[in-house]
Amino acid sequence: MDKKNKNKNKKSLLMSVIVLIVFIIIIAGIAIYYVSKDEEKDNKVLAYTDLIKEISYGNIEKIEMTVGSTNVKVKIKGGEEKRAVVPNTEAFIELVQQKISEGNDFELIQKPKNIITQIPAAILSIFPTLIMLALFIMIFKMQGLGEKGQVYEETERKTRIRFKDVAGLDEEKGELIEIVDFLKRPEKFTRMGAKIPKGVLLYGKPGTGKTLIAKAIAGEANVPFISMSGSEFIEMFAGLGASRVRKLFDKARKLSPCIVFIDEIDAIGSRRTSNSGAETENNQTLNQLLVEMDGFSSEETIIVLAATNRPEMLDKALLRPGRFDRQITIPTPDLKGRLEILRIHSAEKRLSDSVNLESIAEDTAGFTGAELANILNEAAIIATINKHEEIENADIEEAVKKVTVGLEKHSRVYSDKDKKLTAYHEAGHAVVSWYLPTQTDVKEVSIIPRGVAGGYTMYKSDEDKYYISKTEMKEKLIALLGGRAAEKLVLDDISTGASNDIEVATKIAREMVTKYGMSENLGPIDFQGKEQGDMLAFGENIGDKIGNEVKALIDEAYSSAQKLLIDHRDKLDVIAQTLLTKEKINEQEFQKIFE
Ligand code: ADP
Ligand code: MG
Ligand code: ZN
């Protein structure tokens, strides 16, 4: 087994060398290109107008031109050589000859095309072709190697990730520990006559730690981790998908006991519908996967883990007994989970005592593990830029805002009218939500542009909730439309600044009607993603009816927002004015205004 591995290592080494060489060629080419460009730039360029001036002042000693080139070399009297670009060579030559005939004494040298100076240009012009060629060679090499099962599957013989590196997810880990046990001591289970699970499907949003937990299982059991991603198949040449799957499992059999991880399995395992084109290819791949999973016997200790964030897309055949008969949902972390994730990822970072990870965890409901890790990394960058000795709490808070709303842009210039509009828009959101019982408190209102937003109103994050009530959704609509309503009320005009609010509000209203059955008139029916034919079952004008219900919800919310703002116009004005002078209002200042 060791020999085989060495062999494989050699091949992957060869592959790396090829990739490296191609890379060096590309980089070198780009470097040469830029250097030669820069040379032209740096080499004392004389603007054309200046050249004409110098000529008419009689400051020129010699002009050297090459036929067919707009670049000229100019020697200034008693000075150095400069370059210039001449827009129209014929007119220029005429001008120069006229000057000479007028008695100016300087030389005009016209050289024939210089082959040597043409060479770099020639190389540059075939460069794209060379790159293409290199890429083609690479692809063919990869295919060749891939046939031997080398490229697309990455083998990590020993991953060092353990369950302790996976924060939160206690129940999920509890369920998976059994798999670890089985990988370590399969005979213990088989002696009992226990049927060993073959496949475990992990459902969850991107960044929730599916790959991480799969690696941790391999790490805990100390077995090889072989992985590939379903999306690789999409770009692959026809017919290769199925053979790739076969190779993957051949390899797994040799390395058994081991873990096979298939990421984004929905890319190969999506529901089989018709027999057309790309889908036939997909079907072959999927069929091969099913054959392989049915094929391995109980002596082969192989566990197939697969991950997807679109479980509804999967072909039912994948979920049958003996295949992925276990399904585990990996949720976005709750408060405790977020705190643990923040702790794990800040362990090797320099945090100041001011940092309050608990409050950061509270502010980040709905964030995935990957996003939290990213926030801490951003915070480290922000701290460095701010020349802090350690990461301060403010750096992390800034990172949260950067990730959620984008970066603050102090440089964007704003007209007074825009500023007033933004101030009233944001004040509108903030005032309206203050008077809505289900809406969370305002954390910060700002008219400093961030990312694509001209201003923003940040709310304290929702406690982790499983259900959202109809009242809450209706009030959310009111809060969203508060910005637009304020613009209309105060400036008697409306702007494009509300487009995102409108988009979100429409989506919520639509889901209330078609997904959550919250419309009185239409009742609790799921209208989502139905084909036209299926929709007809609900009556001919069902589309219109849904549209009307959505519109009614939006209209109602908009007039509620308007009414709240008219009733509390004084508060709206105070907040908008404060924003115009201070640009930002925090939670305490905001509450003070209302008290
Ligand atoms: P997924 O496969 O679900 O898209 P990953 O496992 O690739 O997510 O997670 C990406 C990164 O996010 C991980 O490498 C890790 O740094 C971080 N992460 C996600 N979830 C967790 C968690 N529960 N504990 C610690 N880190 C996590
Ligand atoms: Mg992943
Ligand atoms: Zn808004």
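Conventions we followed
Residues numbered from 1 in each chain as written. Chains lettered and ligands numbered in written order. Predicted model: local features only at pLDDT ≥ 70, side-chain atom pairs only at ≥ 80, totals over all residues. Heavy atoms only, no water. Helix = DSSP H or I, 4+ residues; strand = E, 2+ residues; numbered from the N terminus. Buried < 20%, exposed > 50% of the residue type's maximum accessible area, 1.4 Å probe, protein only. Contact = heavy atoms within 4.5 Å. Core = buried A, V, L, I, M, F, W, Y, C linked by side-chain atoms within 4.5 Å. Donors = N, O, S within 2.8 Å, 3.2 Å for Na, K, Ca; no water. Axes fitted to C-alpha atoms, helices over the stretch in contact; angles between N-to-C directions. Parallel < 35°, antiparallel > 145°, perpendicular 65-115°, else oblique. Left-handed = near helix turned anticlockwise from the far one by under 90°.

Draft legend 1. Region of the structure containing the overall build of the chain. Secondary structure assignment for the chain yields 22 helices and 14 strands. Relative to its 595 residues, the chain shows a buried fraction of 40%. Taking all contacts inside the chain whose residues are at least 6 apart in sequence as the whole, residues at least 24 apart take part in 74%.

Draft legend 2. Structural context of the nonpolar core. In terms of nonpolar packing, the biggest core is built from 45 residues, with Leu477, Ile546, Leu572, Ile575 and Phe590 touching the most fellow members. Listed by contribution, the elements that provide at least two residues to this core are helix H16 (416-434), strand E12 (442-446), helix H17 (470-491), helix H18 (499-514), helix H20 (542-567), helix H21 (569-582) and helix H22 (587-594). Non-local contacts of Phe590, meaning those with residues more than four positions away in its chain, are made with Ala430, Val431, Trp434, Val442, Val445, Ile575 and Ile585. Counting residues in each nonpolar core, the second largest holds 27 residues, with Phe163, Ile179, Ala218 and Phe225 among its members.

Draft legend 3. Summary view of the coordination of the zinc ion (ligand 3). The zinc ion (ligand 3) binds to the protein through His425 (NE2), His429 (NE2) and Asp501 (OD), with metal-donor distances spanning 2.0 to 2.1 Å. In primary sequence terms, the donor set of the zinc ion (ligand 3) follows H-x3-H-x71-D. Of this pair, His425 and His429 both sit in helix H16, 4 residues apart, which is roughly one turn of the helix. Comparing His425 with His429 shows no difference in burial state: the two are buried.

Draft legend 4. Structural view of unusual backbone geometry. The omega angle of the peptide bond from Ser256 to Pro257 is 0°, so this bond is cis rather than trans. Tracing the chain through its elements places Pro257 in the loop between helix H9 (240-255) and strand E9 (258-263). At Glu264, a position not held by glycine, the phi torsion is positive, near 50°. You can see Glu264 is positioned in the loop between E9 and helix H10 (266-269). Phi at Asp492 takes a positive value of approximately 50°, unusual for a residue other than glycine.

Draft legend 5. Here's a closer look at the packing of helix H14 (residues 369-385) against helix H15 (residues 393-405). It is at 8 Å that the axes of H14 and H15 come closest, and there the two elements cross at 120°. Our classification of the angle between H14 and H15 gives oblique. Like other packed secondary-structure pairs, H14 and H15 cross with a definite hand, here right-handed. Residues Asn374, Ile375, Leu376, Glu378, Ala379, Ile382 and Ala383 of H14 form the contact with H15, whose own contacting residues are Asp395, Ile396, Glu398, Ala399, Val400, Lys402 and Val403.

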